[in-house]
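Secondary and tertiary structure notes
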Amino acid sequence: MDESYKTIIGDKTSEFQHMAGSDGVQEPRIWSSPEGGRKIEIGKQIFCNRSLNMRNILAVGFDMDYTLAQYIPETFESLAYEGTIKKLVYDLGYPQELLGWSFDWKYMVRGLVLDKKRGNILKMDRHKYVKVAYHGFQEMSKEEKVGTYGNTLIRDSFDEPDYALIDTLFSLAEAYLFAQLVDFKDSNPGKIPERADYARMYKDVRAAVDSCHRDGTLKQTVTKDPRRYINEDTSIVPMLKMLRDSGHSTFLVTNSRACNFDWLMYFDIVITGSAKPGFFHEDNRANLFEVEPESGMLRNTDNGTPMPQVGNSSPRIVLKKSNAPCQIFQGGSVGHLHKLLSIESSSQVLYVGDHIYGDILRSKKVLGWRTMLVVPELEREVKLLWSLRNSRKLLRLMRNERDQIEDQIHHMKWFLKFEDLNVDQKQKTSDGIDELESRRDQVRTSHQQDQRECHQKFHKIWGQLMKTGYQNSRFAHQVERFACLYTSQVSNLSLYSPYKYYRPCEDFMPHEFDILPL
Ligand SMILES: Nc1nc2c(ncn2[C@@H]2O[C@H](COP(=O)(O)O)[C@@H](O)[C@H]2O)c(=O)[nH]1
Ligand SMILES: [Mg+2]
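Residues numbered from 1 in each chain as written. Chains lettered and ligands numbered in written order. Predicted model: local features only at pLDDT ≥ 70, side-chain atom pairs only at ≥ 80, totals over all residues. Heavy atoms only, no water.

**Quick look at the side chain of Lys87**
To be explicit about the condition: Think of it this way: any DSSP run of H or I at least four residues long counts as a helix, any run of E at least two long counts as a strand, and we number them from the N terminus. Buried residues are those whose accessible area, probed at 1.4 Å on protein chains only, stays under 20% of the maximum for their type, while exposed residues exceed 50% and partly exposed ones sit between those limits. Here, residues are in contact when the closest pair of their heavy atoms is within 4.5 Å.
By the element assignment, Lys87 lies in helix H2 (residues 73-90). Take Lys87: its relative accessible area is 13%, and that puts it in the buried class. For Lys87, the contacting residues outside a window of four places in its chain are Leu92, Ala208, Ser211, Cys212, Asp215 and Thr217.

**A word on the packing of helix H10 (residues 356-367) against helix H14 (residues 474-482)**
Basically, it comes down to this: Here an axis means a line fitted to C-alpha atoms, over the contact stretch when the element is a helix, while the angle between two N-to-C directions is reported on a 0 to 180 degree scale. By the definition adopted for this analysis, an angle is roughly parallel if under 35 degrees, roughly antiparallel if over 145, roughly perpendicular if from 65 to 115, and oblique otherwise. For any helix crossing, the convention is left-handed if the near helix is rotated counterclockwise from the far helix by under a right angle, and right-handed if that rotation is clockwise. Gly falls in the polar group here, along with every residue not listed as nonpolar (Ala, Val, Leu, Ile, Met, Phe, Trp, Tyr, Cys, Pro) or charged (Asp, Glu, Lys, Arg).
Between H10 and H14, whose axes approach to 10 Å, the crossing angle comes to 40°. When the axes of H10 and H14 are compared, the pair comes out oblique. The hand of the H10/H14 crossing is left-handed. Across from Ile356, Ile360, Leu361, Lys364 and Lys365 in H10, the residues of H14 making contact are Phe475, Gln478, Val479 and Phe482. Taken together, the residues of the contact of H10 with H14 sort by class into 6 nonpolar, 1 polar and 2 charged.

**As for the packing of aromatic side chains**
Rules: Between rings of Phe, Tyr and Trp, where Trp is taken as its six-membered ring, a pair exists when centres lie within 6.5 Å; planes separated by under 30 degrees are stacked, by over 60 edge-to-face, and by other angles tilted. Definition used: whenever NZ (Lys) or CZ (Arg) falls within 6 Å of the ring centre and also within 35 degrees of the ring normal, the charge is taken to sit over that ring.
For the structure on display, the rule yields 28 aromatic pairs. Each ring, one from Tyr66 and one from Tyr71, has its centre 5.3 Å from the other, and the planes form 55°; the classification is tilted. For Tyr71, a relative accessible area of 4% puts it in the buried group. An aromatic cluster is defined as three or more aromatic residues linked by ring pairs; in this entry it consists of Tyr81, Phe103, Tyr107, Tyr134, Phe137, Tyr176 and Trp462. For the cation-ring pair, Arg399 lies above Tyr470, with the distance from its terminal atom to the ring centre recorded as 3.9 Å. Sitting over the face of the ring of Tyr501, Arg503 holds its NZ or CZ atom 3.9 Å from the ring centroid.

**Describing the sheet that holds strand S9 (residues 163-165)**
Paired through backbone hydrogen bonds, the strands of a sheet run either parallel or antiparallel to each other. Cut-off, in case you're wondering: In this scheme, strands are said to pair when DSSP sees at least two bridges between them.
Strand order in the open sheet formed by 5 strands is S8-S7-S6-S5-S9, with antiparallel pairing between adjacent strands. Edge positions in the sheet fall to strand S8 (138-139) and S9, since each has one partner strand and no second. When strand S7 (residues 130-135) meets S8, the two strands line up antiparallel, connected through 2 bridges. Paired with Tyr134 across the strands is Glu139, a residue of S8.

**What about the nonpolar core?**
Basically, it comes down to this: Each nonpolar core is a collection of buried residues, namely Ala, Val, Leu, Ile, Met, Phe, Trp, Tyr and Cys, held together in the definition by side-chain atoms within 4.5 Å.
Counting 88 residues, the largest nonpolar core has Phe62, Met108 and Trp462 as its most contacted members. Among the elements that make up this core, the one with the highest residue count is helix H4 (residues 172-187) (10 residues). Not counting chain neighbours up to four residues away, the residues in contact with Met108 comprise Ile121, Leu172, Ala175, Tyr176, Ala179 and Trp462. Judged by nonpolar contacts, the second largest core, of 17 residues, contains Ile269, Phe279, Leu288 and Tyr351.

**Let's talk about the coordination of the magnesium ion (ligand 2)**
Going by this rule: Donor atoms are limited to N, O and S found within 2.8 Å of the metal ion, a distance that becomes 3.2 Å for Na, K and Ca. With water left out, some sites might look partial.
Asp63 (OD), Asp65 (O) and Asp354 (OD) make up the full set of protein donors to the magnesium ion (ligand 2), lying at 2.1 to 2.2 Å. Counting the intervening residues between successive donors of the magnesium ion (ligand 2) yields the motif D-x1-D-x288-D.

**Regarding the pairing of S7**
In terms of burial, S7 is a largely internal element, 5 of the 6 residues being buried. As defined by bridge partners, strand S6 (residues 120-124) adjoins S7 across 5 bridges and the pair is classed as antiparallel. Bridged to Leu122 within S7 is Ala133. In textbook terms, the turn of a hairpin is the stretch between consecutive antiparallel strands, and for S6 and S7 this stretch comprises 5 residues, one of which, Lys128, has a positive phi near 65°. Joining the antiparallel neighbours S7 and S8 is a turn of 2 residues, in which Gly136 adopts a positive phi near 60°.

**Comments concerning the environment of Asp215**
Rules: N or O atoms closer than or at 3.5 Å make up a polar contact, with two conditions inside protein: a donor-capable atom paired with an acceptor-capable one, and, for residues adjacent in sequence, both atoms drawn from side chains.
Structurally, the position occupied by Asp215 is in the loop between helix H5 (198-214) and helix H6 (217-224). Look at Asp215 and you get partly exposed, because its relative accessible area is 40%. Beyond its immediate sequence surroundings of up to four residues, Asp215 is in contact with Lys87 and Gln220. Among the polar contacts listed, one links the side chain of Asp215 to the side chain of Lys87, at a separation of 2.5 Å.

**Focus: the pattern of salt bridges**
For clarity, the cut-off: Any Lys or Arg side-chain nitrogen located within 4 Å of an Asp or Glu carboxyl oxygen qualifies as a salt bridge.
Scanning all chains against the criterion turns up 26 salt bridges. In this structure, Asp125 and Lys131 form a salt bridge, with 3.0 Å as the shortest nitrogen-oxygen distance. A salt bridge links Arg214 to Asp210, with the nearest nitrogen and oxygen atoms 2.9 Å apart. Taken together, the positions of Arg214 and Asp210, both in helix H5 and 4 residues apart, correspond to about one turn of that helix. One continuous salt-bridge network, built from bridges that share partners, spans Glu41, Lys44, Glu379 and Lys383.

Pasting the structure below:
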C-alpha cells in the first residue's frame with residue numbers, strides 16, 4: 001500500500017500494533033528438541049531446489065506484504081475488488097450494474113496468464129503449451145485452444161505487453177474482474193464504453209486496481225479492522241529473533257511505505273517504498289532517504305550515511321530490547337543496502353518474498369541473491385497430494401497400460417499389412433486389433449476422467465497449482481528455476497536450525513525413472 005510511513009511509525013496505536021503477539025519468548029524449538037528434532041508436518045516443510053548453507057548467509061531479508069504480513073485473500077482481495085469496481089463505474093464510465101457483481105476469491109489462482117487482446121485466461125505447462133483455456137468463464141474447446149495457441153512454429157512468449165501474469169495474490173481480484181467483464185461485453189456489447197475492447201478493459205481494470213493501492217482506499221479500511229484482513233502470526237517475532245541471535249543480520253525491503261512497528265526492533269535495516277523490482281538493479285540511481293521515525297519526515301542521506309541537518313543531529317530510533325539503532329529508509333537501491341549491511345557478495349544474502357517476479361526472479365537473475373519463495377497455497381496442495389498419492393499411482397499405471405496397448409496395436413497393424421497371412425490369420429489379427437482398440441478407448445477415457453477428477457480436487461477449474469497434466473506448470477517451472485527454497489509460510493523458517501544446510505533432492509531424468517525407482 002502506498003501510504004504515508006508516518007501513519008504507522010508516528011501512531012503506535014495503529015493497526016499492526018496488535019499483530020506481533022509474543023515478543024520473543026523462546027519456546028523449545030522443533031529442531032533443537034532433546035530427542036534430536038521432530039518431524040515437521042509436510043505442509044510446513046521448506047523445500048529446496050538449490051543447496052543453501054545458512055552458515056554462509058550473512059543477511060536474511062524479508063518482503064512484507066503477503067510474506068510477513070499474511071493478508072487474507074478472502075477479505076483483502078474482496079476489498080480490492082469492490083474498490084476497483086467503484087472506480088470503474090464512477091471514474092471510468094462503466095455501467096452501474098457492475099456495482100451488483102460479486103467476487104469468488106477462490107476462482108483465480110496464481111500462475112495463470114491473461115490474454116488481454118482475446119479475453120482469455122490460460123494455464124500453461126513449463127514448455128508454455130496452453131493446457132487449460134477459458135474465454136471469460138467459458139471453457140475453450142480443444143479445437144479452439146489448438147487453433148489459437150497450438151502453432152508450434154510461432155511460439156508466443158506469453159509475456160507483457162499482450163499478456164498479463166497472475167504472479168502475486170494481489171492480482172486475483174483483477175483477473176476475476178477481467179473475466180467478468182469479458183463475459184459481460186460478449187453478452188451486452190452496447191453496455192461497455194465504446195472504445196473498450198478486451199485489452200482496453202484490462203487496462204482500465206489495472207489502472208483502477210493501481211489507484212486503489214495508491215490513494216489509500218485499501219489502507220484506510222485495513223487500518224480500521226486489521227484482524228479482518230491480516231492473519232496474526234505470533235511465530236514471526238520469535239523467528240526474526242532466532243535469526244538475529246544466530247548472528248544473521250536481518251532486513252526488510254518492501255514496496256509499501258508503511259511497516260509493522262512491532263517488527264522494527266528485529267531488523268538492522270528497513271527500506272520502505274523500495275520500488276522493487278527496479279530496486280534490484282545496480283544501476284538504479286534512486287535516492288535513499290532516511291525516515292525520521294517520530295514524524296515520518298524524510299531526510300536526505302549520502303548513500304545511506306546520515307547528512308546532518310543544519311542545527312540538528314541525525315536521530316535514530318532506539319528501540320526497546322535492542323542496543324543497536326534500527327535504521328529506516330525509503331527508496332534507494334540494492335547498492336545502498338549492500339553498503340549498509342557490509343555485504344561483499346550477493347550470495348551472502350537470502351531474500352524471502354511472495355512475488356515470483358518482483359521478489360524472487362529479479363533478485364536472483366540480476367543479483368544472484370539466494371531466494372526463498374513463500375507460497376501459502378502450498379500447504380493445502382502438499383497435504384492433498386499426500387492424501388491422493390495412491391490415486392496418482394493408479395493414474396500412472398493406467399497411462400502405462402494405455403501406452404502398452406497402443407504399442408501392441410501398432411505392432412499388429414504392421415503385422416497385418418506386411419506379413420503374408422492366410423484369410424483365417426488375417427481375420428484373427430483384425431479381431432485382435434478391434435479388441436485392443438476398444439480396450440485402449442476404455443483405458444483412455446477412464447484415465448482422462450480420473451486425471452481430471454484428481455486435478456479438480458486441487459481446484460475445480462485450474463487443477464493442481466504446480467502441475468499441468470503430468471508436466472510442471474509454468475509457475476512451478478519458475479519456482480524451480482528461481483527460488484532456492486520454497487515453503488508455505490515465512491515462519492516455517494523457525495522450524496529449522498538457523499544454521500541448516502538445505503540440500504535439494506536428487507534430480508531424475510526420464511531415462512532414470514524406471515531404473516532407479518524411489
Ligand atoms: N500502486 C500499486 N501498488 C500495489 C499494487 N499491488 C500491490 N501493491 C502494493 O505493493 C506493496 C507490496 O509490498 P511488498 O511488501 O510485498 O513489497 C503493497 O503495499 C501493496 O499494497 C498495484 O497494483 N499498484
Ligand atoms: Mg509481497
